[in-house]
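Observations on the model geometry
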Amino acid sequence: MSVVTRFPPSPTGFMHIGNARTALFNWLFARHHGGKFVVRIEDTDRKRHSEEAVEAIIRGLEWLELDWDGEITSQFSRLDRHAEIAQELLKKGEAYYCYCTPEDLEEMREKARAEGQKTFYDRRWRDRDPKDAPAGIRPVIRIKAPLEGTSTIEDHVQGSVSVNNDQLDDFIILRSDGTPTYMLSVVVDDYDMGVTHIIRGDDHLNNAFRQKIIFNAMEWDVPEFAHCPLIHGPDGSKFSKRHGATSVEEYREMGFLPEAMRNYLLRLGWGHGDEEIIPTDKAVEWFDLKGIGKAASRFDFAKLENLNAHYIKIADNERLLKLARPFFEHTPGLTLNEEASRRILEDMNHLKDRSKTILQLVEESAFYARTVPFDYTEKAQKILCDGAKEVLETLCTSLESLESFTAENVERICRETAEELSEGKLGKAVMPLRAAVTGTTVSPPIFNACAVLGREETCTRILAAVKWLEKSEAA
Ligand code: GLU
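Remember, predicted model here, so these are calculated numbers, not experimental data.

About the thresholds
Residues numbered from 1 in each chain as written. Predicted model: local features only at pLDDT ≥ 70, side-chain atom pairs only at ≥ 80, totals over all residues. Heavy atoms only, no water. Phe/Tyr/Trp six-rings, centres within 6.5 Å; stacked < 30°, edge-to-face > 60°. Lys NZ or Arg CZ within 6 Å of the ring centre and 35° of its normal. Near = heavy atom within 4 Å. Polar contact = N/O pair within 3.5 Å; in protein donor to acceptor, adjacent residues only side chain to side chain. Nonpolar A, V, L, I, M, F, W, Y, C, P; charged D, E, K, R; others polar. Helix = DSSP H or I, 4+ residues; strand = E, 2+ residues; numbered from the N terminus. Contact = heavy atoms within 4.5 Å. Expected span 1.5 Å × (residues − 1). Buried < 20%, exposed > 50% of the residue type's maximum accessible area, 1.4 Å probe, protein only.

Quick look at the packing of aromatic side chains now. In this structure the tally under the stated criterion is 15 aromatic pairs. Aromatic ring contacts, followed pair by pair, group F239, Y251, F256, Y264, F299 and F301 into a single cluster. It is R128 that lies over the ring of W125; its NZ or CZ is 4.1 Å from the centre. It is R142 that lies over the ring of Y121; its NZ or CZ is 3.6 Å from the centre.

Let us look at the site of the ligand. Residues in contact with the ligand, as listed here, are R6, P8, P9, S10, E42, Y182, R200 and H204. Between the ligand and the protein, one listed contact pairs an oxygen atom with a side-chain N or O atom of R200 at 2.7 Å. Its residues assigned to classes, the shell around the ligand shows three nonpolar, two polar and three charged.

Position of R455 relative to the elements: it lies in helix α20 (residues 455-474). Separated by 55 residues in the primary sequence, R455 and E400 place their C-alpha atoms 6.9 Å from one another. Ignoring sequence-local partners within four residues, the contact set of R455 consists of L399, E400, S401, L402, E403 and F405. At 3.1 Å, the side chain of R455 forms a polar contact with the backbone oxygen of E400. Engagement of the side chain of R455 in a polar contact is seen with the backbone oxygen of L402, the distance being 2.7 Å.

The end-to-end C-alpha distance of helix α16 (residues 388-400) is 18 Å, a good match for the 18 Å that 13 residues give at a rise of 1.5 Å each. Those residues of α16 not exposed but buried are A388, V391, L392, T394, L395, C396 and L399. The inward-facing, buried residues of α16 contact α15 (378-383), α17 (407-421), α18 (427-438) and α20.

Put into structure tokens, the structure is as follows:
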């Protein structure tokens, strides 16, 4: 049997993290088995439908690099086919017309409520002669659900789950206006798309019992099911905006890498021994339904950041710069021109070691993309005072006459200046240098940063700091 999995999101406007994990599991399972991963947009709710919402899902899948097979299916475009199956079920005697009026239904509802029943429809049209049909009523079509016994689903995550059939009513498959219900559409689409495995959130477990009735009635093979526990927030309640970002796009905007996101989402609900770092090729090799956890997992932002830090460390430097570019463009005061790009690339190994997200990478490398004069942070301003002027001027003079402007030589000059002016206390030379060159008090290794900037730029920055210092002293 060739495996076919599916991802059938309802376009809600964004791709929820939980949906992304479902997509990932289905994708991994299909790729592991050399099967197919198909995408279907469940877009039958036309009142709320928008193309932008569909695009948000596609962008999410593309960003996560979860490629799908074949064309994306629109459920809405297949309504005729779904209605056709309702008719077929009718012909097979597995479904029937129900002519109940809203008043009839209300009456039944009340009776069921009073009797504490789980279902309310009393199946009054199930075996009635259609000749009894009242005039002027457009009927719905209902499925004949089993009347007795229990229904069981052998779920790959939940185990064997049974319900008493008295909890499954003869639900509607075709409305009186001729449109199919969601329950019918899903089954017909899954069958027509050849879906063999349904991996989804356990909020759909109840639906599975109803969907199985339709599969059985059509004598179609029932797909395998794996219903995964939903994702919870750190406090144990269902993961929601209250806990932080819930949409995939927000994580991209915060500077997470897709491979880190995949690794994190995989571990959020699936395990392979103690492995935490699972690159995608390993994930494809190892993924199975057995590894899906039975308990809900809690979203852990720190863990996601640590994984992202790992993937940033091993990422290609040019790629990181490319990913950082839009962030630079959106930050006033930063210009990522050719020279700034060269500097950042040259120092990337230090910069990426210090960054958990692309956003942090941009913060760490911002000083390479500034032009003199620039602002100094409050802490840097405190360092640029009193004795700093002499230190900076001495440093500048020595640096200007350096034969070769390397990190080692910049360090030597700093040491010599510290010997000369501050009893050998290196910090007294390094701190003003860092403040002058980067505008801050934290930076990647500063001697190297000076070497990357080059003699001219380093000295320009030092002199600009001296000028700033003089001005602020005079004020
Ligand atoms: N459209 C449903 C959702 O977005 C998924 C239904 C299914 O997986 O069967 O929750």
